[in-house]
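# Report on the structure
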Amino acid sequence: MHVGHLRSTIIGETICRALEFVGVEVIRLNHVGDWGTQFGMLLAHLEDISESSDFEVKNLQELYKQSKIRFDSDEDFKKRARAAVVHLQAGDKHLKEKWTDICEVSRQDFEEIYRLLDVHILERGESYYNYLIPDVLSELIEKEIAVQSDGALCIFADGSDSPLICRKSNGSFNYASTDLAALWQRISDLCADWIIYVTDVGQKKHFDAIFDAASRAGWLKRENGNVSLDHVGFGLVMGVDGKRFRTRSGDTVPLKSLLREAQSRCLDSLRGRESTLSDDELEDASRIMGVAAVKYADLHNNRLTNYTFSYERMLDLKGNTAVYLLYTHARISSLLERAHTQDLEPLSINDLVLKDEFERVLALTIMKFPDVVESVVQDLLPSRLCDYTYSLCVTFNEFYGSCKVLGGEQERSRTFLCQATAISLRQCFHILGIEPLYRL
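## Examining the overall build of the protein chain
- Of the regular secondary structure elements, the protein chain holds 16 helices and nine strands.
- Projected onto its principal axes, the C-alpha positions of the protein chain cover 80 × 60 × 35 Å.
- A total of 440 residues make up the protein chain; the buried ones form 46% of that total.
- Excluding contacts between residues fewer than 6 apart, the proportion of contacts in the protein chain whose partners are at least 24 apart in sequence is 74%.
- As displayed, the protein chain has an accessible area near 22,300 Å², and 49% of this comes from carbon and sulfur atoms.

This is how it looks when you write it as structure tokens:
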């Protein structure tokens with residue numbers, strides 16, 4: 001997995017958590033591309049290099065680069081790669097074994113990353129739907145939605161300048177074949193009421209065509225309400241140079257190395273602040289902060305726009321960053337811990353007395369939380385929850401800087417307000433996939 005997979009994973013997980021927060025049953029599906037041309041390239045390349053050496057499938061990224069160069073420059077190799085896809089989809093035993101090895105190596109890598117990101121998702125690659133494709137396409141042909149054109153099977157939609165090709169002229173299946181079968185399966189077998197696709201904005205036209213075909217086929221109609229379909233698009237991850245975020249050599253940035261770099265920088269920053277945490281606690285805090293910084297840097301931008309990936313910006317203690325949010329939560333937690341040591345009686349809403357303007361503003365901000373979550377769910381925009389979380393932290397810090405909490409006349413009321421702020425922050429953190437820090 002590389003930085004290009006970052007946005008779909010983080011945005012998709014946050015939308016899932018927001019839906020679950022309001023009581024929706026959610027199935028997370030990772031639609032892995034395990035069945036297309038790129039696998040034909042890899043398989044053909046492996047066939048060639050295994051003729052002269054005992055080869056073990058390991059460095060897939062390097063192998064893919066080698067096979068892509070050959071695919072773009074060697075017509076004979078291109079034909080063999082495309083033929084390998086057809087044979088694989090037809091069930092060739094030898095190719096299936098090599099394909100299984102490749103998938104297992106890939107799976108081990110992205111499962112490690114999902115653990116780091118605290119993402120729990122069901123893998124269901126393109127290959128899962130292969131057995132459904134012939135019947136699904138037959139149904140579309142029978143309903144005169146899919147038609148033959150220049151040897152390929154195509155779906156023509158009103159207002160579109162190009163057809164949706166759902167079976168190539170050489171008989172092989174493609175993304176559209178799989179996406180149509182997957183949509184049919186999710187509606188018919190999973191009985192989904194709402195299906196949300198999270199991909200880059202460049203695929204919007206493709207999914208518009210898929211959704212149109214499903215609607216014309218009558219798949220979305222139900223007696224108790226139609227199935228809803230949404231495409232959640234997002235922009236690119238850019239470097240500070242204004243170009244797509246890549247390594248100095250021009251390669252895509254591995255997501256694992258990106259997360260490790262963020263954690264390393266957080267550890268250096270924490271050590272430079274003379275923290276009272278032990279070495280093990282510092283390591284754990286830097287892990288939490290690094291992952292949170294990467295997630296929040298993505299989520300707080302409007303998902304439809306490109307955003308610039310910058311370690312300096314995302315780790316800024318004073319900006320709209322996860323670091324600022326986590327420090328605010330740690331400050332509140334420290335204050336509440338001191339209040340607890342004073343053996344205060346259990347607090348309740350009856351203790352709340354709002355006399356100061358900063359108190360009232362904070363209380364009103366806390367009360368906005370349910371409406372913000374509802375807005376995120378309705379419009380599928382996680383950035384709105386980030387805006388709220390940052391606003392809550394800013395409002396609390398203004399309150400804390402102006403109103404004495406412990407030892408004053410309003411101690412119980414203000415402590416209750418701090419407690420309510422902490423609870424709201426943790427709810428925000430949970431939806432955003434951020435683990436809270438209680439000490440720094």
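## Focus: the sheet that holds strand 4 (residues 152-155)
- Sheet architecture is open: three strands sit in the order 3-4-5, paired in antiparallel fashion. Strands at the two margins of the open sheet, each flanked by one partner only, are strand 3 (146-149) and strand 5 (164-167). Ignoring strand direction, the axes of neighbouring strands in this sheet form an average angle of 45°.
- Sheet topology places strand 4 next to strand 5; three bridges connect them, and they run antiparallel. Residue pairing for strand 5: Cys 154 is matched across the bridge by Ile 165.
- Sitting on the sheet, helix 6 (residues 133-142) is in contact with strand 3, strand 4 and strand 5, with an inclination near 65° to strand 4.

## Looking at empty space enclosed by the protein
- Counted under the stated rule, the structure contains two cavities of 30 Å³ or more.
- What the largest cavity holds in volume is close to 40 Å³.
- If you trace the largest cavity, you find it lined by Arg 7, Ile 11, Asp 298, Leu 299, Asn 301, Asn 302, Arg 303, Leu 381, Pro 382 and Ser 383.
- Among the elements of the structure, helix 1 (6-21) and helix 10 (279-299) are those that each provide at least two residues to the lining of the largest cavity.
- Among the residues making up the lining of the largest cavity, the classes are represented as four nonpolar, three polar and three charged.
- Considering the residues around the second largest cavity, the lining is formed by Ile 10, Glu 13, Thr 14, Leu 117, Val 119, Lys 295, Ile 431, Leu 432 and Gly 433.
- Listing elements by their share of the lining of the second largest cavity, those giving two or more residues are helix 1 and helix 16 (411-432).
- Considering each element in turn, the lining of the second largest cavity owes the most residues, three residues, to helix 1.
- Residues belonging to the lining of the second largest cavity are distributed by class as follows: five nonpolar, two polar and two charged.

Reading guide: rules and limits
Residues numbered from 1 in each chain as written. Predicted model: local features only at pLDDT ≥ 70, side-chain atom pairs only at ≥ 80, totals over all residues. Heavy atoms only, no water. Helix = DSSP H or I, 4+ residues; strand = E, 2+ residues; numbered from the N terminus. Buried < 20%, exposed > 50% of the residue type's maximum accessible area, 1.4 Å probe, protein only. Contact = heavy atoms within 4.5 Å. Areas by Shrake-Rupley, 256 points an atom, 1.4 Å probe, with all protein chains shown as cover. Pairing = 2+ DSSP bridges. Axes fitted to C-alpha atoms, helices over the stretch in contact; angles between N-to-C directions. 1 Å grid on protein atoms, 1.4 Å probe; cavity = no way out; pocket = protein on both sides within 12 Å on 5 of 7 lines; lining within 4 Å. Points joined across faces, edges and corners; volume = space filled by probe spheres on them. Nonpolar A, V, L, I, M, F, W, Y, C, P; charged D, E, K, R; others polar.

These figures come from the coordinates and say nothing about function on their own.
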